[in-house]
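# Secondary and tertiary structure notes
Residues per chain, in single letters:
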Amino acid sequence: MNINVGGTKRNIRAVWYEEPVIKMIDQRILPDEFKIVDIRDTSELYSAIRNMTVRGAPSIGAAAAYGIAQASYLGKDLEEAGKIIKSSRPTANDLFFAVDFVLQHKQEARKYADLYVESIVERSRLIGVNGNELIGDRKKILTHCNAGALASVDYGTALSPIRMANESGKKPFVWVDETRPRLQGARLTAWELVQEGIGHNVIADNAAGFLMKRGEVDMVIVGADRITSNGDFANKIGTYEKAVLARENGINFYVAAPLSTFDFTIENGNEIPIEVRTEEEVKEIKGVPVSPKESAAYNPAFDVTPTKYVTGYITEYGIFKSSELGNLKTKGKDSILEQVSKV
Ligand code: MRU
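These notes cover the structure that comes with them.

### Remarks on the overall build of the protein
- Each helix and strand counted, the protein has eleven helices and 18 strands in total.
- Taking 20 Å as the expected radius of gyration for a compact globule of 343 residues, we find that the protein reaches 19 Å, a close match to that expectation.
- For the protein, the spread of C-alpha atoms along the principal axes amounts to about 60 × 50 × 45 Å.
- Intrachain contacts of the protein at a sequence separation of at least 6 include 74% that bridge at least 24 residues.
- Entry remark: accessible area of the protein is about 13,800 Å², with carbon and sulfur atoms responsible for 48%.
- With 43 positive and 46 negative side-chain charges, the protein shows a separation of 3 Å between the mean positions of the two kinds.

### Side note on the packing of aromatic side chains
- Considering all chains together, one arrives at nine aromatic pairs under this definition.
- With 6.3 Å between their ring centres and 40° between their planes, Phe97 and Tyr116 make a pair best called tilted. With Phe97 in helix α4 (residues 93-104) and Tyr116 in helix α5 (residues 109-132), the pair connects residues that are 19 residues apart, well separated along the chain.
- Where Phe101 meets Tyr116, the ring centres are 5.7 Å apart and the plane angle is 40°; that geometry is what we call tilted. Within this pair, whereas Phe101 is found in helix α4, its partner Tyr116 is found in helix α5, the two being separated by 15 residues in sequence. The residues Phe101 and Tyr116 share a single accessibility class, namely buried.
- Taken together, the ring pairs connect Phe97, Phe101, Tyr112 and Tyr116 into an aromatic cluster.

### Examining the side chain of Glu316
- Mapping Glu316 onto the fold places it in the loop between β17 (312-315) and β18 (318-320).
- Side-chain polar atoms of Glu316 contact the side chain of Arg123, separated by 2.6 Å.

### Structural notes on the sheet that holds strand β3 (residues 15-18)
- Read from one edge to the other, the open sheet built from three strands follows the order β3-β4-β5, with strand pairing classed as antiparallel. Only two strands of the sheet have a single partner each, and these edge strands are β3 and β5 (36-39). Between one strand axis and the next, the sheet turns through 25° on average, direction left out of account.
- Bridge count for β3 against strand β4 (residues 21-25) is four bridges, and the pairing is antiparallel. Bridging across to β4, Trp16 finds its partner in Lys23.
- The strands that helix α1 (residues 42-50) touches are β4 and β5; relative to β5, the one it contacts most, it runs at about 140°.

Criteria and thresholds
- In this numbering scheme, every chain counts its residues from 1 along its sequence in written order.
- Per-residue local features are limited, in this predicted model, to residues with pLDDT of at least 70; the limit for side-chain atom pairs, both in listing and counting, is 80 or more; totals at the level of whole chains, interfaces and linings are taken over all residues.
- The side-chain numbers reported here are obtained from all heavy atoms of the structure, hydrogens and water having been left aside.
- Helical segments are the DSSP runs of H or I of at least four residues, strand segments are the runs of E of at least two, and each set is numbered from the N terminus.
- Based on C-alpha atoms, the radius of gyration is set beside the globule rule, defined as 2.2 Å times the residue count to the power 0.38.
- What makes two residues a contact is simply this: any of their non-hydrogen atoms within 4.5 Å.
- For the accessible areas, the method is Shrake-Rupley and the probe is 1.4 Å, while residue cover comes only from the protein chains on display.
- For the purpose of charge, His is not counted, nor are the chain termini; Lys and Arg are scored as positive and Asp and Glu as negative.
- Where a charge sits is defined by one atom per residue type, namely NZ (Lys), CZ (Arg), CG (Asp) or CD (Glu).
- In summary, the pairing rule links any two rings of Phe, Tyr or Trp, Trp by its six-membered ring, whose centres are within 6.5 Å, and it sorts them by plane angle into stacked for under 30 degrees, edge-to-face for over 60 and tilted for everything else.
- Buried, partly exposed and exposed residues are distinguished by accessible area as a fraction of the type maximum, computed with a 1.4 Å probe on protein chains only: under 20%, between the cut-offs, and over 50%, respectively.
- The term polar contact refers here to a pair of N or O atoms within 3.5 Å; inside protein, the definition further demands a hydrogen-donor-capable atom paired with an acceptor-capable atom, and it admits residues adjacent in sequence only when both atoms are side-chain atoms.
- DSSP bridges decide pairing: two strands pair if at least two such bridges lie between them.
- Axis definition: a line fitted to C-alpha atoms, over the contacting stretch in the case of helices. Angles run 0 to 180 degrees between N-to-C directions.

The following block contains the structure:
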């Protein structure tokens, strides 16, 4: 992604590897501060994923792939490193997909981690190319959380079609759900859109229905953390209600994700493990309390949207209806290498 920080232009990825150090943009402090964090071993990587220094399903997968390469460089037990990395967060399929993929090729962990990440970048670009075909001139698109380059190493998943539409001169406009409690929309999606010069408004999470009913939303595009065989999918908490509202208002609702996010080992969304995070994330904003200290809070990080609400799945292989997802099911982990030759 092209960014301009303090007057300096850079082309940068959300996460990359300078052996033996994994580098990542610190997504906890944007847009106030732009900082690169160095990860020197598996335990630091575990914490960085857990505390969301790196976040977003494909970026977590990329960091995890590099984590196996790093553990190999450091002469560690790779299976053990894989177990630790996988235990950092439970919901995003990409984490497990990436670790298993590199472990399948553990004799050449560095090479396959690099191939994995190049593939994710190319897949994110192709999601943009395919999704751009759905976007007409001057359309108003609502998105939730951050499914941009920060979340997907580069380009993004939900934001990739919007980037491509913008580059092809269509002038898309984005309604950015703030996405409490961690504000990935207000902080990260808005930051990316500012960097790209794409028109947008940040909205309170509870403003979407009002805008949809008024005819101010032409389509919804969101990312996903895990998509099951029948097309049910987990994404950031609040996605489900946007899908229901979109259906109620006759608005097309798309999910954008690469192969690494699909989990064909489970049938439906009831089987997706949902991460529950700390009460503080709800009771505080940027460390400032917003609730009485006596109040308890409940903080599920993801919800599951049933496939019936999804108009289509925007993937690197094309756009599928839920009844067509079987086309992807036959693809094994090594299919992730298919795109690399084109990079
Ligand atoms: O908790 P997060 O910020 O990692 O959750 C991220 C999301 O829900 C994204 O929408 C999803 O990972 C898709 S990212 C391309």
